[in-house]
Amino acid sequence: MTDILEIDAERVMEEFFERGWTDGLPVVPPTPDAVDAMIATVDLARDDVIGGIPRRNRWVTVEQAAINAVMAGCRPDYFPIVVAALGAALDPAFNANAAFTSTGGAATCVVVSGPLAAAVGMNASHNALGSGNRANATIGRAVRLVARNVFSASTGDMDATSMGNPGKYTLCFAEQEPPAPWVPLRAQLGFAPEDTTVTVMSTEAPRQVANHLSEVPEDVLRTFVSAIKVPSNFAVGKGGQAFVVMCPEHADAVRRGGWTQEQAREFLSRESRIRPEELTENGVPLEVGSANDMTPGSDGRLPALSSADDVFLVTAGGPGPGWSAYIPSFAPSKHLRAVTRRVRLAGESLPDCGPDACEIDLSTLSGGHRSLTPEGAS
Amino acid sequence: MTTTLSRTIRVHRPVVESEPVAPVDLAARTPLPEGARLLLVDNGKPRARDLLAMLGEEMRRLLPLGSVEMVSKPSAAYPLGDEEAAEIAGRVDLAITGLGDCGACSALSLHDALLFERQGVPATVLITDVFVSNVARFAVSLGAPGYHSLVVPHPVATKSDDQLRQLARSVASAARDQLSPQGALALS
């Protein structure tokens with residue numbers, strides 16, 4: 001249970017600013033009633049731990065997450081998505097200890113795939129990566145406020161960011177269901193169509209990808225390649241991950257050309273491999289004797305993206321001229337990786353059996369543990 | 001006449017008042033045996049291995065070392081594993097970790113040094129000057145407020161071999177004092 005403070009109502013905002021509890025924007029006061037309303041949307045106790053960063057001796061409870069979600073401006077029905085996003089960001093593979101303190105100053109990009117996104121009013125269409133939608137704006141902001149207030153990820157404390165990017169306020173959007181036979185991100189990752197998933201990645205700010213004049217699949221994909229193999233990205237030449245966010249026109253062009261998503265991801269991964277000279281000619285020396293192996297492959301090139309599986313291909317944005325986006329990880333995938341979690345709502349039976357949590361063979365558990373078996377399971 | 005009543009609002013405190021972290025018991029600095037074994041933990045940052053190797057050479061002149069071992073981590077963004085550190089600690093007497101020349105790698109090199117302290121191996125961490133305050137804050141969160149470090153000017157990655165050697169020399173005596181205050185006596 002956290003402390004309750006009693007503050008002059010007319011000074012509450014200034015108090016929060018002065019105490020360093022905001023990201024620089026006003027926040028909604030986390031009153032006990034508002035926090036309780038958040039917690040009521042998940043089947044978790046207020047003191048349950050969502051996750052933590054053991055290497056800095058910090059853990060976040062459901063109540064602390066709810067407090068920061070209220071402050072971010074979330075509606076209670078967004079909270080299950082916030083909890084799933086925090087669970088993903090605190091997975092060891094995400095390496096929040098590094099992501100929240102690196103000079104690289106990464107955003108915590110949150111992509112929501114599934115029916116719950118539309119149900120809570122998230123935006124996957126016009127301005128999906130821009131301003132104006134409460135759910136997009138506040139879910140992403142809640143994650144960053146937890147990073148700041150619970151894990152001390154602020155300048156002057158444990159965030160050593162040199163420059164940062166505007167996505168550190170919030171960078172969250174919903175995936176638009178792609179037209180068949182393409183499938184949404186959650187299905188590409190092995191989740192069920194009826195699931196809603198949250199995928200988080202530590203990223204640079206988004207880059208616009210414009211191609212208004214060609215519907216030839218290779219042309220569209222090569223335009224993305226030109227945005228991917230950019231020597232100034234720290235992961236280029238070492239191998240990173242990325243969200244490739246295709247607008248409807250670009251996705252349609254590639255799909256109508258007969259390309260599967262797997263083929264598109266393989267093309268982007270392969271064609272974005274970069275010659276070492278392209279780095280050195282742009283003033284970027286190759287690392288020698290470091291942990292980042294920059295030995296060219298058999299094709300004489302280095303990876304910008306580690307593999308086709310490291311390309312997270314999603315569709316979003318409004319129809320019109322072809323404006324897409326590319327959101328690369330800020331660092332090589334050997335240091336930190338994107339993580340996906342399924343969103344669980346209050347009332348769902350345990351355990352969560354998404355592919356990220358079904359490695360436990362229930363038949364091997366003792367009788368005392370079988371009470372966790374979901375209804376209907378043998 | 002109207003009266004203005006002061007109105008208050010009850011809110012949750014959004015930050016966590018951390019419970020005090022159990023302090024790390026630093027390894028005792030005892031006189032070194034002849035043939036002492038120095039460990040250098042290279043985190044894989046560019047030029048870290050070179051600078052640490054040069055520092056190891058300097059330490060041979062200042063302490064009665066029998067061996068200098070270099071261990072390279074696969075990623076500067078992760079600490080050594082607890083079991084791995086315990087295993088390595090069994091075969092060394094002193095440890096220097098580094099290079100902390102970025103946010104994550106300075107925090108994690110500090111973490112590596114403290115792993116060895118917990119195992120009874122005197123240690124210190126090599127960092128660049130712009131990360132002194134970052135390391136100080138992490139030291140508090142890890143139970144070692146005020147923990148020492150070896151500080152060289154930033155940047156290191158762009159320096160020539162001659163410049164690196166100068167940097168190594170500039171922190172060698174501090175390393176001797178942090179690892180073994182008796183080291184100078186042992187040589188006298």
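Residues numbered from 1 in each chain as written. Chains lettered and ligands numbered in written order. Predicted model: local features only at pLDDT ≥ 70, side-chain atom pairs only at ≥ 80, totals over all residues.

## Remarks on the interface of chain B and chain A
Between chain B and chain A, the residue contacts involve 34 residues of the former and 40 residues of the latter. Broken down by secondary-structure element, the contributors of at least two residues to the side of chain B that touches chain A are β1 (8-12), α3 (103-118) and α4 (132-141) of chain B. Ranked by the residues each element gives to the side of chain B that touches chain A, the list is headed by β1 of chain B, at five residues. The class makeup of the residues in the side of chain B that touches chain A is 17 nonpolar, ten polar and seven charged. Pairing of strand β1 (residues 4-8) of chain A with β1 of chain B, which is carried by five bridges, proceeds in the antiparallel orientation. In the strand pairing of β1 of chain B, D8 of chain A is matched with T8 of chain B. (Contact = placed C-beta atoms within 7 Å. Helix = DSSP H or I, 4+ residues; strand = E, 2+ residues; numbered from the N terminus. Nonpolar A, V, L, I, M, F, W, Y, C, P; charged D, E, K, R; others polar. Pairing = 2+ DSSP bridges.)

## A word on the sheet that holds strand β2 (residues 36-42) of chain B
Pairing between sheet strands relies on hydrogen bonds along the backbone, with the strands arranged either parallel or antiparallel. Residues and elements named next belong to chain B. An order of β3-β2-β4-β5-β6 is seen for the five strands of this open sheet, with the pairing classed as parallel. Each end of this open sheet is capped by a strand with a single partner; those strands are β3 (65-72) and β6 (150-152). Within this sheet the neighbouring strands show an average axis-to-axis angle of 20°, counted without direction. Contacts from helix α5 (residues 161-179) reach β4 (94-100), β5 (123-128) and β6 within the one sheet, and its direction differs from that of β6 by about 165°. (Axes fitted to C-alpha atoms, helices over the stretch in contact; angles between N-to-C directions.)

## Examining the sheet that holds strand β9 (residues 311-315) of chain A
Residues and elements named next belong to chain A. Read from one edge to the other, the open sheet built from four strands follows the order β7-β10-β8-β9, with strand pairing classed as mixed. A strand with exactly one partner marks an edge of an open sheet, and here the two such strands are β7 (207-210) and β9. Along the sheet, successive strands turn relative to each other by an average axial angle of 25°, direction set aside. Relative to the sheet, helix α11 (residues 261-271) contacts β8 (242-246) and β9, its axis offset from that of β9 by approximately 130°.

## Regarding the confidence of the model for chain A
With 92% of its residues at a pLDDT of at least 70, chain A reaches an overall mean of 92. Counted against residues more than four places away or in other chains, residues 353-378 of chain A, with its pLDDT under 50, gives 21 contacts. (pLDDT = per-residue confidence, 0-100.)

## Some details on unusual backbone geometry
Note that the residue after G98 of chain B, namely L99 of chain B, is joined by a cis bond; omega there is 20°. Within the element layout of this structure, L99 of chain B appears in strand β4. Omega for the bond connecting H154 of chain B with P155 of chain B falls within 30 degrees of zero, at 0°, which places this linkage in the cis form. Despite not being glycine, N127 of chain A shows a phi value in the positive range, around 65°. Relative to the assigned elements, N127 of chain A resides in the loop between α6 (115-119) and α7 (134-149). You can call N127 of chain A partly exposed: it has 14 C-beta atoms within 10 Å. One non-glycine residue, R47 of chain B, lies in positive phi territory at about 75°. The buried category is assigned to R47 of chain B, around which 23 C-beta atoms lie within 10 Å. (Buried ≥ 20, exposed ≤ 12 C-beta atoms within 10 Å, placed from the backbone.)

## Let's talk about the packing of helix α3 (residues 62-72) of chain A against α7 of chain A
Packed helix pairs are specified by the crossing angle of their axes together with the interaxial distance, meaning the distance between the axes. Residue and element names in this part refer to chain A. In contact at an axis separation of 8 Å, α3 and α7 are set at 130° when each is read in the N-to-C sense. By the angle class used here, α3 and α7 are oblique. Seen along the crossing, α3 lies across α7 with a hand that is right-handed. In this structure, α3 contributes A65, N68, A69, M71 and A72 to the contact, and α7 contributes T138, R141, A142, L145, V146 and N149. Its residues assigned to classes, the contact of α3 with α7 shows seven nonpolar, three polar and one charged. (Parallel < 35°, antiparallel > 145°, perpendicular 65-115°, else oblique. Left-handed = near helix turned anticlockwise from the far one by under 90°.)

## Digging into the packing of α3 of chain B against α4 of chain B
All names here are of chain B. Close contact between α3 and α4 brings their axes to 9 Å; oriented N to C, the two are set at 45°. Accordingly, the angle class assigned to the pair α3 and α4 is oblique. For the crossing formed where α3 meets α4, the hand is right-handed. Contacts from G103, S106, A107 and L110 of α3 reach α4 at N134, V135, F138 and A139. The class makeup of the residues in the contact of α3 with α4 is five nonpolar, three polar and no charged.

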